[in-house]
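Each chain, written out:
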Amino acid sequence: MAESQSLRDQIKALEAVKPKEAELKAEAELAKAEFPTTPALPGLVDALQDAASQSGVDLGTVAPSTPEASTVNPLLAEITTTVGVNGGYFEIQDLLVRLENLVKGSDPARVPPRSVLVESVNLTSGSDDATGDSAAATPAAASPDELEGNIVLTVFQLAQSSGSSSTPAAPAATASQGAQVR
């Protein structure tokens, strides 16, 4: 009895969304575009470089991991990516906003949109000296207004179905050694 009521409720819910079917399918296709079927690391590096350039931040090393099954959604895979940055406070703040908006894509024709989550930010002042001796700092040392450090991102892609081969490890393994970007 409870099962038949549950089925009737599901039918009512489906009938309620039927008039919006075309609109919902279009939204689903747009959302699907945020999740490539492969790691698409060159596109990711291009998107990161674009965001950094537009923010006035120097992008250092980009080190993505091999895709792993998502803990959030079984349809997705996660690529933990560490990005080295150097810039002023407001420029890095602008970069963080741009990173979270990669889902919109700044230039979708060249760099497709990408679903990215900023996990952590670890920055230090550019004037910090490992020796603690300010007289030992070189004239070329970064100004006190400069920050440097790492931003850890989770980048998403569609998970591979169980019937297909697993995500190729070679591109991610090569890239995980760190791609120096200018």
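Here we summarise the structure given alongside this text. (Residues numbered from 1 in each chain as written. Predicted model: local features only at pLDDT ≥ 70, side-chain atom pairs only at ≥ 80, totals over all residues. Heavy atoms only, no water.)

**A word on the nonpolar core**
In globular proteins that are soluble, nonpolar side chains generally tend to be buried together. In this structure, Leu48, Val85, Leu95, Leu99 and Leu153 are the most contacted members of the largest nonpolar core, which totals 24 residues. Of all the elements in the fold, those that place two or more residues in this core are α3 (41-55), β1 (58-64), β3 (76-88), α4 (89-100), β4 (116-125) and β5 (146-158). Ignoring any residue separated from it by four or fewer positions in sequence, one finds Leu95 in contact with Ala51, Ala52, Ser55, Val57, Val85 and Ile151. (Core = buried A, V, L, I, M, F, W, Y, C linked by side-chain atoms within 4.5 Å. Buried < 20%, exposed > 50% of the residue type's maximum accessible area, 1.4 Å probe, protein only. Helix = DSSP H or I, 4+ residues; strand = E, 2+ residues; numbered from the N terminus. Contact = heavy atoms within 4.5 Å.)

**Some points on the environment of Val97**
Mapping Val97 onto the fold places it in helix α4. When its relative accessible area of 46% is taken as the criterion, Val97 is described as partly exposed. Sequence-wise, Val97 and Ala51 are 46 residues apart; in three dimensions their C-alpha atoms are separated by 9.2 Å.

**A few points about the environment of Glu100**
Within the fold, Glu100 resides in helix α4. The class for Glu100 is partly exposed, based on a relative accessible area of 45%. Remark: the alpha-carbon pair of Glu100 and Val118, spanning 18 residues in sequence, is separated by 6.7 Å.

**Quick look at α4**
Within an α-helix, residues lying three or four positions from one another point in the same direction, as the helix has 3.6 residues per turn. An ideal rise of 1.5 Å per residue puts 16 Å on twelve residues; α4 measures up with 17 Å between its terminal C-alpha atoms. Among all positions in α4, only Ile92, Leu95 and Leu99 are buried. Across the axial projection of α4, the buried residues extend over an arc of 50°, all falling on one side. Residues of α4 that are buried in the fold lie against α3, β3, β4 and β5. (Expected span 1.5 Å × (residues − 1). Arc of directions from axis to C-beta.)

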